[in-house]
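So the chains spell out like this:
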Amino acid sequence: MQRMNWVDNLRGMSILAVIFLHCTFAVNGNVGHFYVASEAINDVLMPVRLGLMFFVSGLFVEAGLKRGLAAFTKNKVKSILYPFVIWVGVYAGTKIVLSHHDQDVLSVLLPHLTGGGDITWFLHSLFVFFIMIIVARRMPFWLILSLCLAGSWLLPAVPADSVFASFDNSHFNKSSYLFIFFWLGDAVVRHKLDMPLLVKKAWVLYGSAAAFILLASLMLFVPALGQHAEEHFSWARMTPLAPLALASVPLFAFLAMRTHSRVIGYIGTHSIVFYLSHFMVIKLCARYFQEPSSSLWIDDGKYLFSFACALLLPWGICQLRNHGWLNFLFTLKKPAKRSLATS
């Protein structure tokens, strides 16, 4: 499958949404005058933000498998499993070194290695999805939807006192929910659906828009669904919303096709760099920006500073990669003119 602008744009939009969310964590929710907008945007995008990332990755399954199963697996080891191991070392090592008290190395590594890392979980799930899809793509949609929704709703959370406990003890529920989007991306290509033509059909676009409006309304006006409804967010709560979230995908594909931002396209093209490295800024800012300031304007400044730096650091790394530096952090593949990132 040839890479198209709307695919890069859709991935870039989802990465930006993730960075936007993480910047609220960097300042512990103290976003100053942006509070209402930040809460609304993050809540509305919660059911689809990560799903869009997996949907885009699913679009590349068919092309990968056409090269043969051995080549397909080798490619995913080089482009997904390898950077997963590297960045587990980066983030786990940073946590151990910067901790104010002694950290048991095993208790830090195990959550990361089992998919509970606060940023590396994505690569863990993505690699597992690329292996699962080899069998799952032969199954009908109703069965995939039923199994994934059951897993999202019923799987127990990792016990909080377990050595595998992490920032998100419901990450197996989350992965079950997100696999549907990945399967859908593969199905679009496998069934030769032309997304640009599909979203031009009025009933598809208006139906998708209606689904997202209903989804957004539920997220905004049903308190039990928002990410701050409880101290610890549970992905099981998103399960009933999955059909609406899936139906919203054509709308976001349409928006991606109508987007002509070089910034969004650039982020999408270099998605793995922006996704993995921006969180280093978030971690650093979180060490110094946790307390609210005496002025909302100062909180505004901290929030905008975090967001700007979370974009500038990955951009700087991309510039270094253009000169052949730091590629070892993201892939075992030989440098190419244009990286397919997690495709």
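Preceding this section is the structure that the text describes.
Residues numbered from 1 in each chain as written. Predicted model: local features only at pLDDT ≥ 70, side-chain atom pairs only at ≥ 80, totals over all residues. Heavy atoms only, no water.

J.: Looking at this structure, I do not really get the overall build of the protein. What am I missing?
T.: When helices and strands are counted, the protein shows 16 helices and zero strands. Against the globule reference of 20 Å for 343 residues, the protein gives a C-alpha radius of gyration of 20 Å, in line with a compact fold. The principal-axis extents of the C-alpha atoms in the protein amount to approximately 55 × 45 × 40 Å. Burial status across the protein gives 52% buried among its 343 residues. Accessible surface, the protein: about 16300 Å² in total, of which carbon and sulfur atoms supply 69%. Distance from the positive charge centre (27 side chains) to the negative charge centre (16 side chains) of the protein: 19 Å. (Helix = DSSP H or I, 4+ residues; strand = E, 2+ residues; numbered from the N terminus. Rg over C-alpha atoms; globule rule 2.2 N^0.38 Å. Buried < 20%, exposed > 50% of the residue type's maximum accessible area, 1.4 Å probe, protein only. Areas by Shrake-Rupley, 256 points an atom, 1.4 Å probe, with all protein chains shown as cover. Lys, Arg positive; Asp, Glu negative; His and termini not counted. Charge placed at Lys NZ, Arg CZ, Asp CG, Glu CD.)

J.: Hey, could you run me through the packing of aromatic side chains in this one?
T.: Working definition: an aromatic ring pair is given by the centre-to-centre distance plus the angle between the planes. For the structure shown, the criterion picks out 21 aromatic pairs. On the numbers, 5.6 Å between centres and 35 degrees between planes, the contact of W87 with F330 is tilted. Note that W87 is positioned in helix α5 (residues 69–98) and F330 in the segment after α16 (296–322), a separation of 243 residues in sequence. Both residues of the pair, W87 and F330, belong to the buried class. Look at F129 and F179: their rings are 5.0 Å apart centre to centre, the planes differ by 75 degrees, and that puts the pair in the edge-to-face class. Within this pair, whereas F129 is found in helix α7 (residues 121–136), its partner F179 is found in helix α9 (residues 171–190), the two being separated by 50 residues in sequence. Neither residue differs from the other here; F129 and F179 are each classed as buried. (Phe/Tyr/Trp six-rings, centres within 6.5 Å; stacked < 30°, edge-to-face > 60°.)

J.: Even after reading the chapter, I still don't get the side chain of R321, so can you show me in this structure?
T.: Checked against the element boundaries, R321 lands in helix α16. Only 2.7 Å separates the side chain of R321 from the side chain of N327, close enough to count as a polar contact. (Polar contact = N/O pair within 3.5 Å; in protein donor to acceptor, adjacent residues only side chain to side chain.)

J.: Explain the side chain of D118 here, please?
T.: Take D118: it is sitting in the loop between α6 (105–116) and α7. Setting aside residues no more than four positions away along its own chain, D118 makes contact with H112, F167, F279 and K283. (Contact = heavy atoms within 4.5 Å.)

J.: Honestly, the layout of surface pockets in this entry has me stumped. Any pointers?
T.: A probe matching the size of a water molecule, rolled over the atoms, marks out where space remains unfilled. Volume-wise, the second largest pocket comes out at about 660 Å³. What lines the second largest pocket is a set of 22 residues, and nearest its centre among them are Y91, T94, K95, D118 and K283. The set of elements that each furnish at least two residues to the lining of the second largest pocket consists of α5, α6 and α15 (271–288). Here the lining of the second largest pocket is built from residues that sort into nine nonpolar, nine polar and four charged. (1 Å grid on protein atoms, 1.4 Å probe; cavity = no way out; pocket = protein on both sides within 12 Å on 5 of 7 lines; lining within 4 Å. Points joined across faces, edges and corners; volume = space filled by probe spheres on them. Nonpolar A, V, L, I, M, F, W, Y, C, P; charged D, E, K, R; others polar.)

J.: Sorry if this is basic, but what is going on with unusual backbone geometry here?
T.: With glycine set apart, most residues show a phi of negative sign, and most peptide bonds adopt trans. Phi is positive for K192, close to 55 degrees, though the residue is something other than glycine. Turning to its location among the elements, K192 is positioned in the loop between α9 and α10 (195–198). In the Ramachandran plot, L326 falls in the positive-phi region, its phi being about 70 degrees despite a non-glycine side chain. In this structure, L326 sits in the segment after α16. A relative accessible area of 25% places L326 in the partly exposed class.

J.: For this particular structure, what's the right way to read the state of the cysteines?
T.: One covalent bond between the sulfur atoms of two cysteine residues makes up a disulfide. With the rule as written, the count across this model stands at zero disulfides. C285 supplies the cysteine sulfur nearest to C309, a cysteine that is in no disulfide, at a spacing of 5.9 Å. The thiol sulfur of C318 is not disulfide-bonded, and the nearest other cysteine sulfur, from C309, lies at 16 Å. (Disulfide = S-S within 2.5 Å.)

J.: Teacher, can you tell me more about the packing of helix α3 (residues 49–58) against α9 here?
T.: Between α3 and α9, the least distance of the axes is 7 Å, while the angle of their chain directions is 40 degrees. Taken together, the axes of α3 and α9 lie oblique to each other. Note that α3 runs across α9; the crossing there is right-handed. Counting all contacts with α3, which are made through L50, G51, F54, F55, S57 and G58, the residues of α9 involved are K174, L178, F181, F182, L184, G185, D186 and V188. Along the lines of polarity and charge, the residues of the contact of α3 with α9 split into eight nonpolar, four polar and two charged. (Axes fitted to C-alpha atoms, helices over the stretch in contact; angles between N-to-C directions. Parallel < 35°, antiparallel > 145°, perpendicular 65-115°, else oblique. Left-handed = near helix turned anticlockwise from the far one by under 90°.)

J.: Would you mind showing me how to read α16 here?
T.: Structural remark: α-helix, 3.6 residues per turn; residues separated by three or four positions point the same way. With 27 residues, α16 should reach 39 Å at 1.5 Å per residue; the first-to-last C-alpha distance of 39 Å fits that figure. Three or more residues of α16 are buried, namely D299, D300, K302, Y303, S306, A310, P314, I317, C318 and R321. Those residues of α16 that are buried are in contact with α1 (5–26), α2 (35–45), α14 (262–269) and α15. The distance from a side-chain oxygen at the start of α16 to the backbone nitrogen of W297 is 3.1 Å, and the residue carrying that oxygen is S295. (Expected span 1.5 Å × (residues − 1).)

J.: Help me understand the nonpolar core in this model?
T.: Soluble globular proteins tend to bury their nonpolar side chains together. Residues W6, F54, F55, F179, F181, F182 and Y275 are the most contacted members of the largest nonpolar core, which totals 94 residues. The residues contacting F179, other than those within four sequence positions of it, are F129, M132, I133, A136, I144 and C148. (Core = buried A, V, L, I, M, F, W, Y, C linked by side-chain atoms within 4.5 Å.)

J.: It is not clear to me how the environment of N173 should be interpreted in this structure. Could you clarify?
T.: Within the secondary structure, N173 is located in helix α9. Residue N173 is classed as buried on the basis of its relative accessible area of 3%. As a C-alpha pair, N173 and S152 span 21 residues in sequence and 4.0 Å in three-dimensional space. Apart from residues lying up to four places away in sequence, N173 is in contact with G151, S152, W153, L155, P156 and W235. Separated by 2.8 Å, the side chain of N173 and the backbone oxygen of L155 make a polar contact.

Purely geometric stuff here, so don't read any function into it on its own.
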